[in-house]
Amino acid sequence: MIKDAINHPPHYTKGIETSDYIESWEMGFVEGNIIKYITRYKYKNKPIEDLKKAQWYLTKLIEVIEYRNGKDTIQ
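Residues numbered from 1 in each chain as written. Predicted model: local features only at pLDDT ≥ 70, side-chain atom pairs only at ≥ 80, totals over all residues. Heavy atoms only, no water.

Counting its secondary structure elements, the protein chain contains 3 helices and 0 strands. Expressed as a percentage of the 75 residues in the protein chain, the buried residues total 21%. Sequence-distant contacts, at least 24 apart, represent 26% of the contacts inside the protein chain between residues at least 6 apart. Accessible surface for the protein chain amounts to roughly 6000 Å². Of this, 55% is attributable to carbon and sulfur atoms. (Helix = DSSP H or I, 4+ residues; strand = E, 2+ residues; numbered from the N terminus. Buried < 20%, exposed > 50% of the residue type's maximum accessible area, 1.4 Å probe, protein only. Contact = heavy atoms within 4.5 Å. Areas by Shrake-Rupley, 256 points an atom, 1.4 Å probe, with all protein chains shown as cover.)

Once that is clear, we can look at the nonpolar core. Counting 5 residues, the largest nonpolar core consists of I34, Y37, A54, Y57 and L61. Secondary-structure elements contributing two or more residues to this core are α2 (29-40) and α3 (47-68). Sorting elements by how many residues they give to this core places α3 first, with 3 residues. Discounting residues that sit within four places of it in the chain, Y57 has contacts with F29, V30, N33, I34 and Y37. (Core = buried A, V, L, I, M, F, W, Y, C linked by side-chain atoms within 4.5 Å.)

So, about unusual backbone geometry. One non-glycine residue, E26, adopts positive backbone phi at about 55°. Looking at the element boundaries, E26 is found in the loop between α1 (18-24) and α2. What makes E26 exposed here is its relative accessible area of 71%.

Turning our attention to the confidence of the model for the protein chain. Residues of the protein chain with pLDDT of at least 70 account for 76%, and the chain-wide mean is 86. Within the protein chain, no element has a lower average pLDDT than α1, which sits at 92, and none a higher one than α3, at 96. (pLDDT = per-residue confidence, 0-100.)

Laid out in structure tokens, this is it:
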């Protein structure tokens, strides 16, 4: 695999590529974004921003699961 800034930037390919990991666990969009932001935040210019994005998606996932389980908490 050829590494380049478009197809395989360094913060995508520490060990297993993040998208491959997400696919292997059959995650949806929200779950995938949580994993994406958590695994890459150390390697980007705005780590706090990425952690806050992960937090936003985690909150969203919790709300969706609570709603599906009969707790109407989505605002």
